[in-house]
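# Working through the structure, step by step
Take a look at the letters that make up each chain.
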Amino acid sequence: MGDYCYFEITCRPEDAKRFEAIGFSEFRTAERFTMHEEESSNSGGDDMPMDIPWHGRSEAGDEYGPALHACDGKQYASIESGHHGGYVVEVKAGNLVREDRLRVLNYERILRRAEKLIAKGNK
């Protein structure tokens, strides 16, 4: 049986066609789309546009957990998330592992830029 993944993204209205072209379908509002992807990976997919701002989440598949994704049109980041939100990170001796701390900070930086660009495009 193939690996199925629910993937939801938020983007600017003018970028909607880029996501529809790779299998997303309109959902809820003009800026929010969903895609059910067969044989998907947790990487955001090779065909995801990396030159426009967007952010989203993917649910767990057969071989990976849920994740959060963000792209500001220049950089992309993803981070594992819990089933009810939050980040999945490694803690040793009561301290957050440095690499995971850096991944969280990088993801949040890219997410903030993407959200700002999307909000600007929706005005």
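Everything below is about the structure printed above this text.
Below is a short write-up of the structure. Within each chain, residue numbers correspond to sequence positions counted from 1 in written order. Confidence filtering applies because this is a predicted model: local features only for residues at pLDDT of at least 70, side-chain atom pairs given and counted only at 80 or more, and all residues used for totals across whole chains, interfaces and linings. Remark: hydrogens and water are excluded; side-chain values derive from all non-hydrogen atoms of the structure.

### Notes on the nonpolar core
Counting residues in hydrophobic clusters, the biggest one holds nine residues: Phe7, Ile9, Cys11, Phe19, Phe24, Met48, Ile52, Trp54 and Cys71. Labels follow the DSSP assignment, with helices taken as runs of H or I lasting at least four residues and strands as runs of E lasting at least two, numbered in each case from the N terminus. Tallying contributions element by element places strand β1 (residues 4–11) first for this core, with three residues. Counting eight residues, the second-largest nonpolar core is a separate cluster that includes Leu68, Ala70, Tyr107 and Ile110. In plain words, nonpolar cores are sets of buried Ala, Val, Leu, Ile, Met, Phe, Trp, Tyr and Cys residues tied together by side-chain atoms within 4.5 Å. Burial here depends on accessible area, computed with a 1.4 Å probe over protein chains only, as a share of the maximum for the residue type. Under 20% is buried, over 50% is exposed, and the range in between is partly exposed.

### Describing a nonpolar patch on the surface
Together, Tyr87, Val89, Val91 and Leu96 make up an exposed nonpolar region whose accessible area comes to about 300 Å². Following the sequence through the fold, Val91 ends up in strand β8 (residues 91–92). Put simply, a patch holds well-exposed residues, over 30% relative accessible area, that have no salt bridge, with like charges counted together within 9 Å and Val, Leu, Ile, Met, Phe, Trp or Tyr side chains within 5 Å. Each accessible area value is a Shrake-Rupley result obtained with a 1.4 Å probe; residue values ignore everything except the protein chains displayed when judging cover. Definition used for salt bridges: Asp or Glu carboxyl oxygen within 4 Å of a side-chain nitrogen of Lys or Arg.

### What about the environment of Glu59?
Along the chain, Glu59 falls in the loop between β4 (53–58) and β5 (67–72). Glu59 sits 24 residues away from His83 along the chain, and the two C-alpha atoms are 7.9 Å apart. Two residues form a contact once any of their heavy atoms are found within 4.5 Å. Beyond its immediate chain neighbours, meaning those up to four positions away, Glu59 contacts Cys5, Tyr6, Tyr64, Gly65 and Pro66. Any pair of N or O atoms that falls within 3.5 Å is considered a polar contact. Within protein, one atom must be able to donate a hydrogen and the other to accept it, and sequence-neighbouring residues count only if both atoms are side-chain atoms. Engagement of the side chain of Glu59 in a polar contact is seen with the side chain of Arg57, the distance being 2.5 Å.

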